[in-house]
Structures are given as structure tokens and as C-alpha cells.
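Here is what each chain is made of, one letter per residue.
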Amino acid sequence: MSRAGTAVPEPIGDVARRAGILFGTSIADDTLDRPGQAELYRRHARIFTADWALKFNTLRPAPDVFDTRYADRLLGFSDDAGIPMRGHTLAWNEMKPDWLVAMSTAERAAFLDRHVDETAGRYAGRLHSWDVVNEPFWPGHGLPGGWRDGPWTATFGTDYPVRAFKRAAAADPGCKLVLNEAHTEQWTDTGAGIRAGLLSLVDRLQDAGCRLDAVGLQGHLQPQWPYDDQGFVEFLWRLAEKGVDIYLTELDVNDERYPDDPLIRDAAVADRYEAFLGAVLKVPAVKTVITWQLTDAATFYIDAWKQTHPGVTTRAPRPLPFDAQMQPKAGYDAIVAAFRDRRPA
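All values reported here derive from a predicted model rather than from experimental measurement. (Residues numbered from 1 in each chain as written. Predicted model: local features only at pLDDT ≥ 70, side-chain atom pairs only at ≥ 80, totals over all residues. Heavy atoms only, no water.)

## Re the overall build of the protein chain
Then, number 1: Of the regular secondary structure elements, the protein chain holds 13 helices and nine strands.
Then, number 2: A principal-axis box enclosing the C-alpha atoms of the protein chain has dimensions of 60 × 40 × 40 Å.
Then, number 3: Taken over 345 residues, the protein chain has a buried fraction of 57%.
Then, number 4: Intrachain contacts of the protein chain at a sequence separation of at least 6 include 78% that bridge at least 24 residues.
Then, number 5: Carbon together with sulfur atoms contributes 52% to the accessible area of the protein chain, which is approximately 13600 Å² in total.
Then, number 6: Taken together, the 39 basic and 48 acidic charged side chains of the protein chain have centroids lying 3 Å from each other. (Helix = DSSP H or I, 4+ residues; strand = E, 2+ residues; numbered from the N terminus. Buried < 20%, exposed > 50% of the residue type's maximum accessible area, 1.4 Å probe, protein only. Contact = heavy atoms within 4.5 Å. Areas by Shrake-Rupley, 256 points an atom, 1.4 Å probe, with all protein chains shown as cover. Lys, Arg positive; Asp, Glu negative; His and termini not counted. Charge placed at Lys NZ, Arg CZ, Asp CG, Glu CD.)

## Considerations on the pattern of salt bridges
For side chains bearing opposite charge, pairing can occur when the charged atoms are close.
Then, number 1: Inspection of every chain in the model, using the stated rule, returns 28 salt bridges.
Then, number 2: Here E10 and R340 are joined by a salt bridge, their closest N and O atoms 2.8 Å apart. Placement of E10 in the segment before helix 1 (12–18) and of R340 in helix 13 (residues 330–341) is noted, with a sequence separation of 330 residues between them.
Then, number 3: Through salt bridges with shared partners, one network takes in E94, K96, E135 and R148. (Salt bridge = Lys/Arg side-chain N within 4 Å of Asp/Glu carboxyl O.)

## Regarding the packing of helix 6 (residues 105–122) against helix 8 (residues 160–171)
Then, number 1: Orientation of helix 6 relative to helix 8, taken along the N-to-C sense of each, is 35°, at an axis distance of 9 Å. Of the two elements, helix 6 crosses helix 8, and the hand of that crossing is right-handed. When helix 6 is examined against helix 8, the residues L112, D113, V116, D117, A120 and G121 are found in contact with a partner set consisting of R163, A164, R167, A168 and A171.
Then, number 2: Residue composition of the contact of helix 6 with helix 8, grouped by class: six nonpolar, one polar and four charged. (Axes fitted to C-alpha atoms, helices over the stretch in contact; angles between N-to-C directions. Left-handed = near helix turned anticlockwise from the far one by under 90°. Nonpolar A, V, L, I, M, F, W, Y, C, P; charged D, E, K, R; others polar.)

## Comments concerning the side chain of T89
Then, number 1: By secondary structure assignment, the location of T89 is in strand 3 (residues 85–92).
Then, number 2: Of the polar contacts made by the side chain of T89, one reaches the backbone oxygen of D131; its length is 2.7 Å.
Then, number 3: Sequence-distant contacts of T89, that is, excluding residues within four places in its chain, are made with L54, K55, F56, W130, D131, V132, V133 and N134. (Polar contact = N/O pair within 3.5 Å; in protein donor to acceptor, adjacent residues only side chain to side chain.)

## With respect to the environment of G145
Then, number 1: By the element assignment, G145 lies in the loop between strand 4 (129–134) and helix 7 (151–156).
Then, number 2: Overall, the relative accessible area of 57% leaves G145 in the exposed class.
Then, number 3: In this structure, the C-alpha to C-alpha distance between G145 and A196, residues 51 residues apart in sequence, is 9.0 Å.

## Re helix 8
Then, number 1: With twelve residues, helix 8 extends 16 Å between its outermost C-alpha atoms, agreeing within 8% with the 16 Å of an ideal straight helix rising 1.5 Å per residue.
Then, number 2: If you follow the buried residues of helix 8, they end up packed against strand 3, helix 6, strand 4, helix 7, strand 5 (176–181) and helix 9 (189–207). (Expected span 1.5 Å × (residues − 1).)

## Quick notes on unusual backbone geometry
Then, number 1: Cis rather than trans, the peptide bond between H88 and T89 has omega equal to 0°.
Then, number 2: Phi is positive for H183, close to 70°, though the residue is something other than glycine.
Then, number 3: Relative to the helices and strands, H183 resides in the loop between strand 5 and helix 9.
Then, number 4: Backbone geometry places Q293, a non-glycine residue, at a positive phi of 75°.
Then, number 5: Considering the arrangement of structural elements, one finds Q293 in the loop between strand 9 (286–291) and helix 12 (299–308).

## Observations regarding the packing of helix 9 against helix 10 (residues 229–240)
Then, number 1: One way to put it is that helix 9 packs onto helix 10 with a least axis distance of 11 Å and a crossing angle of 10°. In this view, helix 9 runs roughly parallel relative to helix 10, as classed from their interaxial angle. Across the interface between the two elements, R195, L198, L199 and V202 from helix 9 touch F235, R238 and L239 from helix 10.
Then, number 2: Considered class by class, the residues forming the contact of helix 9 with helix 10 number five nonpolar, no polar and two charged. (Parallel < 35°, antiparallel > 145°, perpendicular 65-115°, else oblique.)

Shown next, in the form of C-alpha cells:
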């Protein structure tokens, strides 16, 4: 396929829709004012995910504060564009403020209930879906079953996902409820442990009578780790057999290990997009594909690069389908080609 890019690129969301896929991107409040970026969102995305605006530590900088300014702005943009928004995330053991950690177990238990009720309730009827529980597993924390440690696990043990899903369903009955996880595509011991834990948790939620509409798999592809795309597809089929839809919720390709030359690097990123999507899109249960931002101008990647490469100014990350000037790269062509090759279920 061509790696030259496209002068006037067809909207990715339109190509994806013809393949039976809902395509979108995460968005953040601080990107809406950048020239061209908001228009790029509107042109190519057919669904948005709130990046950090709906995370606990953003909404709850203090126990008596419920700061919805950033989330409300994103919802306003989403409403004006006529593009649905996904909520991310209600219960996550990371990004926890010190005041929450310092609470007693009973206080934290009450606060999870309050947070889910207030947050899902405030936006009831306005969101396409909620990542109700995010990244429940991290074997590196050493807990039995590979569970991620943090305030909610410390408070409820492994029961917190059931609690969060039931309260979210009550607060917003019309919203799709999603269990979101990372690293499942990695063919490592960590990835294997997370895949096993996730399959077990899906069973547990369903056995408990929780409404679980979809499982989200993030898809941060990192070339330093081994992959087996066909093995991953087999995992997707196992999830699909449980009657849930599958969303790819945070897709990108980390280009850190690729050569410095931008064109060579872009081609390597594109090859990874095309191979991965070409494999997973064969599973009919995959209904949604969301990139974690759309352009290399995204603050998330630039800040991460500066933190991990202090003093390096000659190279910036290029993990996404559009460059920092909002122009399509080889990754755009690869994503579009994968959607064009997919046949609707």
C-alpha cells in the first residue's frame, strides 16, 4: 500500500463505519483551543473518550470538591459536534489523591459509592459508555490473582468491580458499561496473567448479575515487548463467547525503539497498525476502535517524551495517524487500509 499519505484524507470514521466499526479518539480540554486540532477531531472521529477530565483525581481534588469544569467543556464540544462521548473512568486504583488514601476503610467505601452515584448520575443520558472499572489487574503488585493494589482494592478487596458496576447501572441505566484493561495484547508473563484475570472477572461480573456490555482492551503497542497477534485473536474469541462486545479503547504505537529517520519510523508505526488491526478486525465482536489521541501534537506523548528523555530536543514521538501539523502520515493509510479490508459482520 502507499505510504505517502493523502492530501485530502477521507475521514477515518466514515471508512470505519462502512466496515461496521465505530472509530474515535480520546480528547482533552487543553487540545480544543489548538489551531486545527478540534476540527481534526470533528472530521475523523465518530466517538470520543474523555482523556483525564472524568478521572477521579481531576473531579475530586479535595473530598468536598466536585470539579466538573473540564468534563463539562468536553461534553459541550461533543454535543455541539454531534459525536457521542465515552466516560473514563469511574473506579481505578491509580491516580489516587493523598486525601483518599488517608481515609479510613469505611470512609473510602462510602466515597466510592458517592463518586459513582454523583458522577454517573450527573452525566446520565449523555454518555455513550463508561469505563466503569479500569485496569483491575497488575501482577507486578504481588497480590493474589494479579490484582492491582490501590485504595479500592484495599477497601473492598476483589469485590470492588461488582460494587462499581451495580451502582453505575443504577445511576445511568441507558449507558453502556465497560470493563477496561491494559497489556492484554502483550505476549509476556504479565500479559498472560492479565488475560487470565480478565476472563475470570468477566465471569464473576456476569455471575453476580452485573450488566457488562463490553470489554475494553487498550492496545498501547510497544515494540520492546513480544506480540502474537494470532494468539491475541484467540483471546478475543474467548471474550466474544461470553456475549460481550469488544472495544479497542486506547490504540497507539510507541515509536521509541524505531529508527530516528521520521519516514522510516512512520513506516514502522504504520506496519504495526496494519498488522494488528488486520488481525483483530477479523473478530466480529470488535465493534469500536479508539486511538489515544489523533495527532502527534498530543500533550500526553510530548510530556512523556520530555520526562523520559531530558535534554533531547531533536526527536519527538510520532505514534499517531496524524503528525503535529495535523497532516496524515503512513499510519493514517494503514488504519484506513485495515478498515477497508474488513467486512461488516
